[in-house]
Each structure stands twice: as structure tokens, then as C-alpha cells.
Amino acid sequence: MLSTPKKQQFREELFRHLDGIAVAPVAYSLFKNDITKHLLSIKEASVSQIATSCKANEGYLNVALRILSAQGWLDYLVDQEKVMVSINKYSEIAFKHFYLYKDIVDLLQYSGKFHPRKFELEPFHKLEKLFKKYETRFRLESPDDTTTSQIQSQILKHIEGILVGPTTVHLGMGGMFHKYFMEASFSADEYHRFPESFDTILTFLCHLGWFSKSNSNYTFTEKGLFFAKRASAYGVTVSYIPMFRQMDTLLFGDPNVLWNLQNENETHVDREMNVWGSGGAHATYFKKIDEIIISLFNKPLDEQPKGILDMGCGNGAFLIHLFEVIESKTLRGQYLDDYPLFLVGADYNKAALKVTRANLIQADIWAKVIWGDISDPDLLQKDLKENYQIELKDLLSVRTFLDHNRIWSEPVSQINRPSKSTGAFAYRGKRLHNNNVECNLKDHFKKWREHIAKFGLIVIELHTIPPGLTAKNLGKTAATAYDATHGFSDQYILEIDSFLKVIEEIGLQSDSTYFSKFPDSDLATVSINYIIGA
């Protein structure tokens, strides 16, 4: 049984690994393109000035510099329309060590040529060389001062993150963490057709304390079991590695590189991996939502919603979960023959619709699965009315981690008070002012207001936190990874307070009875809200 201090230690490693997957390609691109050198020479400047001087795409440069700030290596200040950055006592030491990221970033680029799900021989050989370099700490000399030692450890842990993160995800998705392997010792040839090469990975994980080795057999340690059970926690960040491979282009080249789609397939994210990774975290949030669902569907039958719309249904898991809760734990569940539940799964991604349809059929749940755009609820209402004779307003709307992924449009609304957000936001490389991001969110929810006024909207949303707060709590939050994955892919995660302020400005409110945030502290990056009329 793991002690609480051990769990905290391992959790900190996991968060620092996630930091590394996001930070390494960003930091190395800024280093090799002389942005760090420029910062040290000017000491302080606006992001706009730096972008002009260094011929960078201002929006993505802003995201990148905020990420360095979140690691404690720059000071970052949003002052209304202007963003200022300045070096601090850690900047020069950190920048001097950014060369260490080179090999791991090269490996990220190289691995893009190979199958995204399989371990193949050539990347194995490069991994093996990197393992050896890591085990010797890249021959770094032991520094005399604490600050240099701390920064070296921070960067080495980032490198470790890219060594183990994608590997852990591949093993998790490939069945390596099946109880067959977790409950007994095993050898490399039981799992992989290139056992000698695969043995290299297992030996490295032994070095990290995940396995113990006896002769040619491996056994999970307590630490290994901790990480194996949390393999999906790496999934979302690792799924954005195709985007991180494009960092040089995003910062200094064509800002549309991610959106030049081929056959409508996403090029910036491994969507299957993303869904697998996010599914591991959702169970915790579903429990809180159950309270709202049970309350609503225990009301007198004539006062209940006719059904549920899951906008951005993904793989259908949330819709299936909600149906099972209603069926087994509510008054409505006892009267489904007389008061059937009209379920709608809508998604912009056509591949997601196919998966949802298949999963609902397998679960023996009747539902409509249709194409829908979160930015156009009127079109969704028209579709529901014309094809199914149901009003969108008669359904309870639910969605998970979707509102920040709305398509950008120039805002029409004004906000009542200036934005206090510290976020870094971009659209196709252009920097977006934080006031405008809040105005755009206001426009977005105005479109939904009449459709959710009757039965409300249950929303799980992702948020950012100030980079200075992240820097003071490294190892306690995944905020750096969230800011990178979303900032470079034109998604808009605001702080919780900024999000709720916008909701209130359009005459809606989050029901305080059901509000939750995770973690329940200033480090909260996820909130659950039941949004109703004020």
C-alpha cells in the first residue's frame, strides 16, 4: 500500500512529465531561433515588439512565452491591450540549458515518420541512445549553486517526460497494463516481437524504479503500478505531439499549418488517443454531475426535460452514463415507457458520430446521433424540429470540455468590465486580446441562451490559471500542458472567475448548489457548472 507522501511524490513526477512534453519543443524552438538570446539582451519588452524584431507569429509567440513564465523562467504581465515579458533571476540559467532539449525534440520529429501505435526498430535505436544520455545526466557537471541544480533537475525531468510519456501511452493503449502483466512477472518476448529492443525500454523503466528485474523477467514495483494505472493521464498531452512537431512553423512560418487539412483529417492531434486519454479522467467528474441529473429527473414528471442533448458527444460514453443513471436512480427511470427519454448525441467530428452510434447500439440505448456545431445552436434546433419534431429548449443540454473549442469569430458583444484574464490566446497565429476573447465567449453563450433557459446547461469546462501561480506550484498542476496544447491549437481556456463573469453578464448563473472545481483550490483547472437563468 503506497503511503500518502509516496503518492504525492509520484503525482508530482507525472505532472512534471506532462510539463516536459509541452515545454521541450517550445523552449528548444525559442532557443535555436535566438528568441532567448534576444530576451536576455533586451531584458524587457512587449510580445508585439519581440514578434516584430524576430519575425515571429505574435499569437503563438505569446503562448510560448507564457509557457516559459509558467515554468518560472520569465515574468509575464497582461496589461489590457499589451503583454509585457521580462527576464528574471532564473532566465539566463534556464536558457543556457535549453540545448539539452535538442535530442529529445529531434526524436519527436523522427518518430513522426513511423506508425503512431507500434514500437518500430529505428526509433528504438534512437531511444536507446537517449536513455544512455539521460542515465548519465547528459554529462552535466554538478553545480555549486542551488538555483542551477534546481533548473537542471527541472529540465532533466522534462526530458524524462518525453521518454516515458509516449511510451506509457503506447503500452497502455496496447494492453501492456493488463492485469496479466501487472499481477505476475513477465519477459520481453511475451509482449513484443522485437524482445531485445523492447528489453531496452523495460531496462530504462527499471532505472526509473517502475520495474524490478530478475534474470530476464520483470515485475512491476509499487511505483510502476502507480504509473501504469494512470497511463491515460498522459494520453491527452501526448495526443498533441503531432502539433508540437510543427512548433518551428507555428512560431516562425505558416500559422495555418495545422489547418491545411487533408481529407478533413485532423493533423494536429491523434484523436483516438485523445479520447482514450480524456476518458480516464472523466469518471471523477461524472460523479458530481450525477447529483444534478438525479435531482432534475426526480422532479414531477411533467416538470422534467423531454430528454438530453450531449453536444460534442465524443464516443458516446457520457450519454450512456447519463441514461444509466436516469434509468436506475430516478423517478423518470420508472416511467420510461410512458415518458420516454429523447437522447441526442451531436458532434462536429463525423468519425466521433460513427463511434457514438456503435457504442449506443452496443449498450442497447436508443438515441439520435447527428452532426452539430457548438457555434450554431439555431441550426441544431432547426434540424431537431424538422426531422424529429422536438424543440432544443425542451432538452437538458450537457457538454464536456467543449465551449473553449468553439470556432473563433470577431466579437459583437461588449463586456461590462475589462478582462482580468492572464491567458494567451491566438487565432491562426494572430494574438487575440483578452477582452475580445471574453466578448467572443459572451457572443457564444448568447446564441445558446434561449435554448437553455428552460432546463439549463450542465457543462464541464477546462480553465487556465495565472502563469506565476503555476510556477510556484510545479508538480502540483497540469496547467502548463493544458495551456500549450490549447494555446497552439486555437482554443480558449479562461480562468474560472473570467468564465463565470461572462455567464453572469448575459443573465445566466451557475447554480451554487452544484458548482464544483478540481482541485478544490486556487489551482483549479476544471469546473462543473449547472447554468440556469438568473
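Provided above is the structure to which this section pertains.
First, a word on what this report is: a plain description of the structure on this page. This one's a predicted model, so the numbers in the text were calculated from it and none came from an experiment.

At the junction of Phe518 and Pro519, the peptide bond is cis and its omega measures out at -15° in the coordinates. Summarising the element assignment, Pro519 is placed in the loop between β15 (516-518) and β16 (526-533). Located in the positive-phi region is Arg137, a residue other than glycine, with phi close to 55°. Relative to the helices and strands, Arg137 is located in the loop between α7 (121-135) and α8 (146-173). Note on Arg137: relative accessible area 34%, which makes it partly exposed. The phi dihedral of Asp490 is positive, around 60°, even though this residue is not glycine.

The next thing to look at is empty space enclosed by the protein. Tallied over the entire structure, the rule returns 2 cavities of 30 Å³ or more. Lining the largest cavity are Val63, Arg66, Ile67, Ala424, Phe425, Thr464, Asp483, His486, Gly487, Gln491, Tyr492 and Ile493. Of all the secondary-structure elements, those providing two or more residues to the lining of the largest cavity are α4 (58-70) and α21 (479-487). In terms of residue class, the lining of the largest cavity is made up of 6 nonpolar, 4 polar and 2 charged. Considered as a void within the structure, the second largest cavity measures approximately 50 Å³ in volume.

Moving on, we get to the sheet that holds strand β6 (residues 217-220). The 3 strands lie next to each other as β4-β6-β5, forming an open sheet whose pairing is antiparallel. Sheet topology places β4 (186-187) and β5 (211-214) at the edges, where each strand pairs with a single neighbour. Relative to the sheet, helix α10 (residues 195-207) contacts β4, β5 and β6, its axis offset from that of β5 by approximately 115°.

As a further point, take the sheet that holds strand β3 (residues 82-86). Pairing is antiparallel across the open sheet formed by 3 strands, whose spatial order is β1-β3-β2. The open sheet has two edge strands with one neighbour each: β1 (44-46) and β2 (75-79). Neighbour-to-neighbour, the strand axes of this sheet turn through a mean angle of 20°, independent of strand direction. α4 rests against β2 and β3 of the sheet, and its axis sits at about 130° to β2.

Next up on the list: the packing of aromatic side chains. Considering all chains together, one arrives at 26 aromatic pairs under this definition. Both rings, one in Phe186 and one in Phe211, keep their centres 5.9 Å apart while their planes meet at 80°; by these two values the pair is edge-to-face. With Phe186 in strand β4 and Phe211 in strand β5, the pair connects residues that are 25 residues apart, well separated along the chain. What makes Phe211 buried here is its relative accessible area of 5%. Among the aromatic residues, those joined into a ring-pair cluster are Phe10, Trp210, Phe226 and Phe227. Over the aromatic face of Tyr110 sits the side chain of Lys126, whose NZ or CZ is 4.8 Å from the ring centroid. The lysine or arginine in question, Arg399, covers the ring of Trp448, its NZ or CZ lying 4.3 Å from the ring centre.

Thresholds applied
Residues numbered from 1 in each chain as written. Predicted model: local features only at pLDDT ≥ 70, side-chain atom pairs only at ≥ 80, totals over all residues. Heavy atoms only, no water. Helix = DSSP H or I, 4+ residues; strand = E, 2+ residues; numbered from the N terminus. Buried < 20%, exposed > 50% of the residue type's maximum accessible area, 1.4 Å probe, protein only. 1 Å grid on protein atoms, 1.4 Å probe; cavity = no way out; pocket = protein on both sides within 12 Å on 5 of 7 lines; lining within 4 Å. Points joined across faces, edges and corners; volume = space filled by probe spheres on them. Nonpolar A, V, L, I, M, F, W, Y, C, P; charged D, E, K, R; others polar. Pairing = 2+ DSSP bridges. Contact = heavy atoms within 4.5 Å. Axes fitted to C-alpha atoms, helices over the stretch in contact; angles between N-to-C directions. Phe/Tyr/Trp six-rings, centres within 6.5 Å; stacked < 30°, edge-to-face > 60°. Lys NZ or Arg CZ within 6 Å of the ring centre and 35° of its normal.

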